[in-house]
Amino acid sequence: MRALISTGVAAIMLAGCAPTIRPIPGSAAVVPPPAWRDTPTAATVAADRDWWRRLGDPAIPPLVDRAMANNIDVLTAVARVEEAEALTRQARSARLPSLDASADAGVQRAPGQSGGAARSVSAQPGVGGAWTLDLFGRVRNLEGAARSRYVASQADRDAARLAVIAATVRGYVTLLSLAAQVEVSRNTLTSRAEALRIADDRARLGYSSQFELTQAQSEYEAVAQTIPVLEQAMRVQENALRRLTGDLPGPIVRGSLAGVALPATPAGLSSTLLRRRPDLVSAEYALVAADHVLASRRAEFLPDVQLTGSAGALFSNALGRNPLTLWNAGASVLAPIFSGGRLAADFDVATAQRDQAAFAYRGAVLTAFGEVEDALSGERRLREQADRVNRRRAILQRSLVLARDRYRGGYAAYIEELDAQRNLFQADLDAIAVREQQLTNLIQLWAALGGGWGDRAPPPPAAPVSR
C-alpha cells in the first residue's frame, strides 16, 4: 500500500513535467459562408443516394453497379478499410492483460549424498500475466487514433466510390456526346452529298463554274474527315469506361444524349450539406487521429505502471508425490528520466503533424466550397448559353433554307449556301457540346454535395484522454 501511494504521489509530481499541448492554429479555422453566390440558401435539400438514376437513362445503373463491384480503386479502398479495422483491434488489444503459458522439463544426474550418482526428473508448468494500467491514457489514445483512422478509411472508401461513380457517369455522357456528333456529321455528310450532286449537275450543264464544284467537293470532304476521328474517340471512350468498370475493352450499351434528363437544381441548398462529403469526413477524422497521437506522445513523459504475476507448480521425483506450488505477484513503475531529447522530439513531431492535419482539413473545406460554387455558377450560365445556342441554331436553319432557295433560283452565289451549311453544322456541334457541359456540371454538383453518401452519419469523434 505504501508503494502504491508513493507511486501515485510520484506520478502527480511528474505530471507537472509533461509538456503543454498548444491549441490548433487559428489560421486553420473555417467559417462557412452565409449563402451561395448564385443560389439562395434555404432549407437543407438532401442529395439522392442513387442520384445517377435521376438522369433517366436505363444504361447508366448497370454501368455504375459494375464499377462498384469491379473497379480497382474501389476494391483497394475496401481492402484499406479491412486493414484499418484490424489495426484498431490490434491497438485495443494493448489495453487488455496478457496471459502466457509456460512449461519446463528436465533430467539431471548429480552426485548423491551416499557417494553415488542420483538422477532427478522435474517438470514445471505455469502461467504468467501482465497488465499495463495506462494511468495517463497513452495506450487509450493510441486506440482512439486507430479508431479514428478506421472511420477515415471508411470515408476514403466512400470518396473512392463517389469519384468512380462520377467518373463513370461523366464518361458515359462524353460517349453519348461523341455519338451525337457522329450522327450530326453523318446527317450533314448526306446533305453535303446532295449539294455536291446538284453542283456537279450544274457544272456539267454549264450553269455554274468548276470553282463552285470544287468548293462543294471540299466541304463534303471536310465533313467526311471528321467522322473517323469521332469514331476513334468513341472507341477510346468505350475502352476507358470498360476500365472504370473493371472489364476488358469492348462496346458499351448506350442510349442517346437527347434521352438523358437534366433535372433542375433545387432552390435551397444549405452549406451544411457539405458535411456529407466523404473527403471532409476523412480529413476531420485524420485530424482527430493526429490529436489522439499528440495526447499519447504527451503521456510518454509520465510513468507507466505494470502489474505482473505468475503461478505454477514444480513436479520432481525428489519431492515424491507432493508437488511444490509456485507463485509471484508484483508491480513495476517505469518513469522516463533522460532520453536524450527523443520524447521531446516525438512530441514536437506529433504537434507538427496535428497542425498539418488541421491545415489539410481547412484545405479540403475550401476545395469543397469552391467546387459547389463553381458548379452552381456553371448551372445558371450554361443554361443561358444553351438558350442562346438553340436560338442561333434555329436562325441558321432558316438561313440555310433561304440561301439554298436563292442559289437554286440564280439570285446568289454558291458561297452563301456553303457559309450557311458550315454555320449550321458548327451550331449543331455547339448545341451538343453545351448539353454535355450541362450534364457534366450537374454531375459535378451532385458529387460536390457528397452524392448522398452522407445519409449514414459517422460516429462522433472521441476526445483525447488526459489533455
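These numbers come from a predicted model, not from an experiment. (Residues numbered from 1 in each chain as written. Predicted model: local features only at pLDDT ≥ 70, side-chain atom pairs only at ≥ 80, totals over all residues. Heavy atoms only, no water.)

Novice: Please clarify how the overall build of the protein chain should be interpreted in this entry.
Specialist: For the protein chain, the helix and strand inventory stands at nine helices and four strands. Across the protein chain, helices and strands are ordered from the amino to the carboxyl terminus as α-α-α-β-β-α-α-α-α-β-β-α-α. Within the protein chain, buried positions represent 39% of all 467 residues. A sequence separation of at least 24 residues applies to 83% of the contacts in the protein chain between residues at least 6 apart. (Helix = DSSP H or I, 4+ residues; strand = E, 2+ residues; numbered from the N terminus. Buried < 20%, exposed > 50% of the residue type's maximum accessible area, 1.4 Å probe, protein only. Contact = heavy atoms within 4.5 Å.)

Novice: I'm lost on unusual backbone geometry in this one. Help?
Specialist: Trans is the common state for peptide bonds, and a negative phi is the common state for residues other than glycine. Positive phi, normally seen in glycine, also occurs at Asp134, with a value near 55°. Here Asp134 shows up in the loop between strand S2 (117-132) and helix H4 (138-204). Asp134 sits in the buried class, given a relative accessible area of 7%.

Novice: Quick question: what am I supposed to make of the pattern of salt bridges here?
Specialist: Charged atoms that come close allow side chains of opposite charge to pair. One pass over the structure, following the stated rule, counts 28 salt bridges. With a closest N to O distance of 2.9 Å, Asp355 and Arg354 form a salt bridge. In this structure, Asp428 and Arg393 form a salt bridge, with 2.4 Å as the shortest nitrogen-oxygen distance. Note that Asp428 is positioned in helix H9 (residues 414-448) and Arg393 in helix H8 (residues 342-408), a separation of 35 residues in sequence. Asp428 gets classed as buried once you look at its relative accessible area, which sits at 12%. (Salt bridge = Lys/Arg side-chain N within 4 Å of Asp/Glu carboxyl O.)

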